[in-house]
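So you can see what is in the structure, the chains are spelled out below.
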Amino acid sequence: MRFLVTCLCVELAVAILLAPPARAQTPFVWPLEPRPLVVRSFDPPEHEWLPGHRGVDLAGREGQGIRTAGDGVVVFAGIVATKPVVSVDHPNGLRTTYEPVVGSVAPGSRVRAGDLIGTLAPGHTGCATPCLHWGVRRDRTYLDPLALMRTTPVRLKPLTP
């Protein structure tokens with residue numbers, strides 16, 4: 001049995017190494033260039049109705065161009081509770097949001113990772129200087145946007161020392 005499992009693992013490892021790179025979607029990119037400083041981390045609430053920080057705050061400067069993190073379709077560009085917001089739906093079921101961002105795109109516009117979608121406006125609560133609040137969710141579940149930027153390589157290790 002152990003020999004069979006070892007053979008299957010080796011076959012799987014070879015298949016992964018020889019497979020062409022996945023091209024289903026362009027990788028996600030930072031919404032600010034150069035790579036921004038994270039001034040406040042993701043801190044989700046224990047329950048969806050409780051307060052929490054459902055995204056990350058990235059240091060920027062007023063008027064700085066904001067880029068979409070991934071390929072998708074703009075689903076909202078307007079004002080929410082007095083703040084300018086842009087939201088993009090991605091083919092993998094994620095929705096990214098950017099605030100306070102004065103949108104330069106219209107709902108229904110197709111965008112590619114790195115395309116400009118607006119400019120950073122002042123006034124995000126909790127930031128001493130202008131910053132971008134960047135959020136991501138799948139359905140109603142908020143996720144850590146920084147997870148989109150992590151590129152942990154897959155490393156195969158031997159089954160025995």
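None of the values given here were measured: they were computed from a predicted structure.

Moving on: the packing of aromatic side chains. One pass over the full model with this rule turns up 1 aromatic pair. Aromatic side chains Trp 30 and Trp 134 sit 6.3 Å apart centroid to centroid with 50° between the ring planes, which places their arrangement in the tilted category. With Trp 30 in the loop between helix H1 (2-18) and strand E1 (38-40) and Trp 134 in strand E10 (residues 131-138), this pair connects stretches of sequence that are 104 residues apart. This pair shows no difference in class: Trp 30 is buried, exactly as Trp 134 is. The side chain of Arg 54 reaches across the aromatic face of Tyr 142, ending 5.9 Å from its centre.

One covalent bond between the sulfur atoms of two cysteine residues makes up a disulfide. For the coordinates displayed, the defined rule picks out 1 disulfide. Between Cys 127 and Cys 131 runs a disulfide, and the two sulfur atoms are separated by 1.8 Å. Between Cys 127 and Cys 131, the disulfide has an S-S torsion of 75° and is therefore right-handed. By the burial criterion, Cys 127 is buried, and Cys 131 matches it.

Structurally, Asp 57 is set in strand E2 (residues 56-59). One buried charged residue, Asp 57, forms no salt bridge at all, with the nearest opposite charge on Arg 40 at 4.7 Å. Looking at Asp 57, its side chain comes within polar contact range of the side chain of His 53, at 3.3 Å. Polar side-chain contacts of Asp 57 include one of 3.1 Å to the side chain of His 124. Non-local contacts of Asp 57, meaning those with residues more than four positions away in its chain, are made with Leu 37, Val 38, Val 39, Arg 40, His 124, Cys 127, Cys 131, Leu 132 and His 133.

This next bit is on the side chain of Gln 64. Within the fold, Gln 64 resides in the loop between E2 and strand E3 (65-67). Gln 64 sits in the buried class, given a relative accessible area of 8%. Ignoring sequence-local partners within four residues, the contact set of Gln 64 consists of Leu 32, Glu 33, Gly 118, Thr 119 and Leu 120.

Residues Ile 66, Tyr 98, Leu 132 and Trp 134 are the most contacted members of the largest nonpolar core, which totals 24 residues. At the level of elements, E2, strand E5 (83-89), strand E6 (94-99), strand E9 (116-120) and E10 are the ones that each hand at least two residues to this core. When residues in this core are grouped by element, the largest group, 3 residues, is from E10. Setting aside anything within four residues of it in sequence, one finds Trp 134 in contact with Trp 30, Pro 31, Gly 55, Val 56, Leu 58, Ala 69, Thr 96, Thr 97, Tyr 98, Pro 145, Leu 148 and Met 149.

The next subject is a nonpolar patch on the surface. Where nonpolar side chains cluster on the molecular surface, the patch consists of Val 75, Phe 76 and Val 80 and spans about 200 Å² of accessible area. Checked against the element boundaries, Val 75 lands in strand E4 (residues 72-80). Judged by its relative accessible area of 32%, Val 75 falls in the partly exposed class.

Thresholds applied
Residues numbered from 1 in each chain as written. Predicted model: local features only at pLDDT ≥ 70, side-chain atom pairs only at ≥ 80, totals over all residues. Heavy atoms only, no water. Phe/Tyr/Trp six-rings, centres within 6.5 Å; stacked < 30°, edge-to-face > 60°. Helix = DSSP H or I, 4+ residues; strand = E, 2+ residues; numbered from the N terminus. Buried < 20%, exposed > 50% of the residue type's maximum accessible area, 1.4 Å probe, protein only. Lys NZ or Arg CZ within 6 Å of the ring centre and 35° of its normal. Disulfide = S-S within 2.5 Å. Lys, Arg positive; Asp, Glu negative; His and termini not counted. Salt bridge = Lys/Arg side-chain N within 4 Å of Asp/Glu carboxyl O. Polar contact = N/O pair within 3.5 Å; in protein donor to acceptor, adjacent residues only side chain to side chain. Contact = heavy atoms within 4.5 Å. Core = buried A, V, L, I, M, F, W, Y, C linked by side-chain atoms within 4.5 Å. Patch = residues over 30% accessible without salt bridge, like charges linked within 9 Å, V, L, I, M, F, W, Y side chains within 5 Å. Areas by Shrake-Rupley, 256 points an atom, 1.4 Å probe, with all protein chains shown as cover.

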